[in-house]
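Tertiary structure, described
Listed here are the chains, written in short residue letters.
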Amino acid sequence: MAQGLSKNHRQLDLAEAIAKRWHWKVNVSCDTALSQCYVECDRNQLLELCRWLIDDMDYALGSLIVEETNENWLLRYVFYGEPDSEAVHLGLRLDKAEKTTVPSISPIIHAADWQEREAWDLFGLRFEGHPRLIDIVRHEAWPAEIYPMRKNFDGSQPGPHPPVERPFQPYHVVQAPGAFLMPIGPVFSDAAESALFLLESVGEDVIRIWPRFFYKFRGVEKIAEGQAVDRVLLLAERFSGTSSFAHSLAFCQAVEAICRVDLPSRAQALRIVFAELERFRHHVAAIAGICNSTALAVATSQAGILEEEALRLSGTLTGHRYLFGLNKPGGVTLDLNDRQCEDLSSGVQAIFLKLARLYDLLRYSSSFLDRLEEVGMVTKDQARNYGLVGPIARASGLARDLRQVLPYALYSEISFEVPQEEEGDGYARLRLLFREAEQSAKILQKILSFLPPGEIAAREVALKPGAALGWAEAPRGATFHWVRLDEQGRVRRYHLTTPSFTNWHGFHFAAEDFAYQDFPIIMASFGLSNAECDR
Amino acid sequence: MWEWVWEGIRSGIVTTAYPAREETASGVSPGFPTDLPRTFAAAGEASVAASCCPTEALLSEDQQVVLREPRCIHCYRCLRQTETPLAWQWQGNYEWAVSPHPRVELAKKFGRSFRRSLHLRILDAGACGACLSEIEQLNKPYYNMHRLGFFVTPTPRDADVLVVAGPMTEHMRQPLLSAYEAMPTPKAVLALGACAIFGGVFGTSFASMGGVASLIPVDILVPGCPPPPLAILHALLALIGRVEPAACELNSSSPGGERGD
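Taken as a whole and judged by the stated rule, the model has 28 aromatic pairs over all chains. Considering the side-chain rings of Phe197 of chain A and Phe213 of chain A, the 5.8 Å spacing of their centres and the 85 degrees angle between planes classify their relative orientation as edge-to-face. Taken together, the residues span a long stretch of sequence, with Phe197 of chain A in strand β9 (residues 196-201) and Phe213 of chain A in the loop between β10 (206-212) and α4 (220-224) at a distance of 16 residues. The burial state of Phe197 of chain A is the same as that of Phe213 of chain A; both residues are buried. The residue whose ring lies beneath Arg71 of chain B is Phe198 of chain B, and the NZ or CZ to ring-centre distance is 4.1 Å. One residue, Lys187 of chain B, lies across the ring of Tyr180 of chain B, its end atom 4.2 Å from the ring centre.

All names here are of chain B. Taken as a whole, chain B is organised into domain 1 (38-80) and domain 2 (103-259). Facing 8 residues of domain 1, the contacting portion of domain 2 comprises 12 residues. Taking both sides of the interface into account, the surface hidden between domain 1 and domain 2 amounts to around 820 Å²; carbon and sulfur atoms contribute 70%. Contact with domain 2 buries area across many residues of domain 1, yet Pro70, Arg71 and Ile73 alone supply 62% of it, more than any other trio. For the pair domain 1 and domain 2, the number of links is 0 salt bridges. Taken together, domain 1 and domain 2 are joined by 1 residue pair in polar contact (both at pLDDT 80 or more). In the side of domain 1 that touches domain 2, the residues fall into 3 nonpolar, 2 polar and 3 charged.

Right, let's get into the interface of chain B and chain A. Contact with chain B, which involves 59 residues of that partner, is made by 74 residues of chain A. Together, the buried faces of chain B and chain A total about 5,400 Å²; carbon and sulfur atoms form 59% of this surface. In terms of surface lost to chain A, no three residues of chain B exceed Trp4, His171 and Phe206 of chain B, which account for 18% of the buried area on that side. Connecting chain B to chain A are 5 salt bridges. Here Glu307 of chain A makes a salt bridge to Lys140 of chain B, at a shortest N to O gap of 3.4 Å. Inspection of the region where chain B meets chain A yields 27 residue pairs in polar contact (both at pLDDT 80 or more). Every element with two or more residues in the side of chain B that touches chain A is listed here: α1 (2-10), α3 (77-80), β6 (118-124) and α5 (130-138) of chain B. Among the elements that take part in the side of chain B that touches chain A, α5 of chain B stands out by supplying 7 residues, more than any other. Residues of the side of chain B that touches chain A, tallied by class, amount to 32 nonpolar, 16 polar and 11 charged.

Another aspect to go through is the sheet that holds strand β2 (residues 38-39) of chain B. All names here are of chain B. With respect to topology, 3 strands assemble into an open sheet ordered β2-β4-β3, the strand pairing being antiparallel. Lying at the two open borders of the sheet, with one neighbouring strand each, are β2 and β3 (58-61). When β2 meets strand β4 (residues 64-67), the two strands line up antiparallel, connected through 2 bridges. Each residue of the ladder has a partner; that of Arg38, found in β4, is Val65. Packed on one face of the sheet, helix α2 (residues 43-50) meets β3 and β4 and runs near 170 degrees to β3.

What follows covers the packing of helix α8 (residues 297-318) of chain A against α5 of chain B. Here α8 of chain A crosses α5 of chain B at 130 degrees, and the two axes come no closer than 10 Å. The angle between α8 of chain A and α5 of chain B falls in the class oblique. Taken as a pair, α8 of chain A and α5 of chain B cross one another with a handedness that is left-handed. Contacts from Gly304, Glu307, Glu308 and Leu311 of chain A in α8 of chain A reach Ser133, Glu134 and Gln137 of chain B in α5 of chain B. By residue class, the composition of the contact of α8 of chain A with α5 of chain B is 1 nonpolar, 3 polar and 3 charged.

Residue and element names in this part refer to chain A. This structure, assessed with the given rule, holds 46 salt bridges over all chains. Glu128 is the salt-bridge partner of Arg43, the closest N and O atoms lying 3.8 Å from each other. With a gap of 85 residues between them, Arg43 in helix α2 (residues 43-56) and Glu128 in strand β7 (residues 127-128) connect regions that are remote in the sequence. Owing to a relative accessible area of 31%, Arg43 belongs among the partly exposed residues under this scheme. For the salt bridge of Arg535 with Glu221, the shortest nitrogen-to-oxygen distance reads 3.3 Å.

What follows is about the nonpolar core. All names here are of chain A. Counting 147 residues, the largest nonpolar core has Leu75, Tyr77, Phe79 and Phe197 as the members making the most contacts within it. With 7 residues, helix α6 (residues 244-259) is the largest single contributor of residues to this core. If we skip the residues at most four places from it in the chain, Phe79 touches Cys50, Leu53, Ile54, Tyr59, Ala60, Leu61, Gly62, Ala87, Val88, Leu90 and Ile109. Membership of the second largest hydrophobic core comes to 78 residues, among which are Val78, Leu336, Leu355 and Ala472.

Conventions adopted
- Residues numbered from 1 in each chain as written.
- Chains lettered and ligands numbered in written order.
- Predicted model: local features only at pLDDT ≥ 70, side-chain atom pairs only at ≥ 80, totals over all residues.
- Heavy atoms only, no water.
- Phe/Tyr/Trp six-rings, centres within 6.5 Å; stacked < 30°, edge-to-face > 60°.
- Helix = DSSP H or I, 4+ residues; strand = E, 2+ residues; numbered from the N terminus.
- Buried < 20%, exposed > 50% of the residue type's maximum accessible area, 1.4 Å probe, protein only.
- Lys NZ or Arg CZ within 6 Å of the ring centre and 35° of its normal.
- Domains from an automatic or database assignment.
- Contact = heavy atoms within 4.5 Å.
- Buried area = accessible area lost by both parts, 1.4 Å probe.
- Salt bridge = Lys/Arg side-chain N within 4 Å of Asp/Glu carboxyl O.
- Polar contact = N/O pair within 3.5 Å; in protein donor to acceptor, adjacent residues only side chain to side chain.
- Nonpolar A, V, L, I, M, F, W, Y, C, P; charged D, E, K, R; others polar.
- Pairing = 2+ DSSP bridges.
- Axes fitted to C-alpha atoms, helices over the stretch in contact; angles between N-to-C directions.
- Parallel < 35°, antiparallel > 145°, perpendicular 65-115°, else oblique.
- Left-handed = near helix turned anticlockwise from the far one by under 90°.
- Core = buried A, V, L, I, M, F, W, Y, C linked by side-chain atoms within 4.5 Å.

Written as structure tokens, this is what we have:
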């Protein structure tokens with residue numbers, strides 16, 4: 001209770017500080033239940049507010065959400081900070097009738113660069129002062145004047161794709177004798193996901209890299225519109241299969257925030273169990289990917305064995321190897337009995353012991369370390385400027401984790417460590433994956449030993465109109481899901497900000513100025529998913 | 001380096017005995033509802049029972065509920081989320097690849113010469129990552145498809161089978177057609193997972209075309225979301241005539257089958 005009171009106080013202090021600083025010209029409101037401050041500002045104060053949040057308050061940009069109503073454009077900039085600080089939402093309302101532009105915040109916050117480009121591409125909103133407002137989602141076959149996320153665009157019909165007159169022509173930046181451009185993708189030689197990487201070089205080193213994504217654009221946000229919540233849940237769960245539980249969790253939490261549902265504590269504890277099991281499996285798979293990229297065959301096989309064992313463990317206990325079908329608004333669909341809890345705890349522990357053994361072998365294999373150390377560097381400043389999230393940011397010394405910053409489920413009641421490394425190279429990312437897997441195993445052991453008794457879902461979830469933000473720390477980093485429900489309980493707007501989208505933005509820091517043969521290793525040490533990025 | 005050699009030997013052989021013997025380990029497959037069709041007392045009851053399915057995999061015909069495996073996405077709603085849980089169980093089988101062609105034609109396509117060496121080209125047309133992760137498992141010790149003569153090849157010029165996952169996004173249309181055209185004949189197309197078969201949860205929309213059959217003819221379908229590695233192995237073996245594909249009626253209203261010629 002005392003904690004709740006001090007939280008309220010702190011939040012009011014923050015609200016007052018903002019109101020005072022802007023001479024009571026902005027409208028500030030607080031929502032303690034959601035731990036957020038909402039600031040309604042106009043276009044003149046936006047940049048100043050952003051600068052204050054980023055520079056003075058050390059906040060990071062989480063998401064930019066655009067909504068369309070009959071008369072207005074509603075923009076919402078979501079910021080989050082250090083642990084135990086509230087999220088700050090800046091709201092900007094623009095009249096649709098005046099053909100206005102939006103002031104771009106990208107010049108001061110690089111993290112907004114791709115988010116503004118996405119809003120430009122999907123809504124046709126022009127961001128004034130944006131350094132490079134070019135297509136990101138729509139590829140060349142899209143007619144220039146059709147913006148798929150606008151309400152007047154019918155997403156259910158096949159796309160308006162006339163035959164392409166001029167296929168995509170990458171442009172060269174590097175002008176030097178012997179300069180050449182090497183395209184990699186969109187179809188890769190193995191089971192890698194579709195994306196195109198254009199590497200410019202004059203010889204051995206990659207001088208400039210230009211990635212092109214959204215080959216896998218399935219328009220999840222658009223096809224969710226007008227659908228029932230339980231249908232959109234399937235989309236939230238299945239747009240990125242390797243982090244499905246985290247994303248369905250963020251979606252469910254948004255719906256629960258709208259409908260003000262209180263969850264039984266067993267449901268929340270089980271959510272932590274499944275989320276950490278997913279993180280554990282994901283990290284084992286990422287480690288296998290790094291071993292594979294360095295062509296260390298035995299280590300790849302060993303890590304592959306552990307990954308399959310984690311998949312089988314998930315399959316045995318939940319029915320599904322990738323933890324699909326476990327979440328629903330109001331709780332989870334599956335309970336674990338004492339025996340299963342024991343099996344899961346000991347199963348994860350056994351896999352972790354083998355993983356630790358593998359790690360010990362890896363860190364004494366000098367030929368392996370040579371490929372990772374001081375390769376693919378991302379500095380702390382770069383990570384902060386680009387708002388990088390997840391293991392990549394934490395390996396560069398930026399220890400932000402939504403489980404601590406904005407605790408959800410029961411994370412505020414269990415103690416765990418958020419590992420951090422300083423070097424920001426491939427080896428730091430590998431070490432971080434190991435340490436996070438260790439933490440997940442520990443959390444699982446702790447929480448499985450005393451699951452609170454009770455129901456596994458709220459009795460009833462009465463859908464109400466409204467909007468809320470749901471978030472989760474997915475295996476790859478912070479994800480934000482914005483959901484707006486209409487009067488009929490259908491989804492009116494669904495916006496996803498995913499860790500892969502956020503982190504691919506900073507990928508060029510790691511890949512530039514390194515040799516060609518390092519490229520696959522840098523990619524593997526980032527371990528990002530294009531399905532999660534492209535949506 | 002000797003530690004690695006020792007580590008490899010120490011862990012022994014974990015590879016499944018499939019197809020020589022059935023794999024009995026738990027957790028290798030998400031399974032499908034079993035014992036269908038199920039007969040209900042009234043036609044109304046049957047349609048209520050089938051209505052919990054979000055992808056119309058459960059179909060009510062008169063008083064019966066039947067399952068169309070190609071449309072099932074393992075959401076478990078018919079098992080866990082209906083008010084009166086339907087009394088069926090899920091079975092962890094995995095030999096469920098089906099073909100829109102008659103079996104004779106399927107066997108004729110490659111003949112005997114491909115039975116011990118088949119090269120695959122994997123194409124991601126918007127997959128969520130789970131299908132691709134399961135393919136990667138095929139290359140790893142537990143499934144090790146090399147022992148059966150299946151190889152992933154880096155170029156379509158060497159490929160015999162195009163493995164397509166994902167709901168066929170508009171943006172991947174051109175890369176897919178280019179890859180397909182570059183393949184030498186005889187060539188086959190394997191539609192991997194519910195998305196590649198009928199669009200999965202993404203369906204047909206402005207951004208995705210609802211399955212690969214809308215673009216190129218498909219020779220074998222592997223239901224599942226995602227299909228487990230053993231189901232993919234079964235499909236590949238069925239493609240070269242080493243095992244029987246599952247018996248499943250793919251009539252004209254069934255997904256994926258209509259354009260296969």
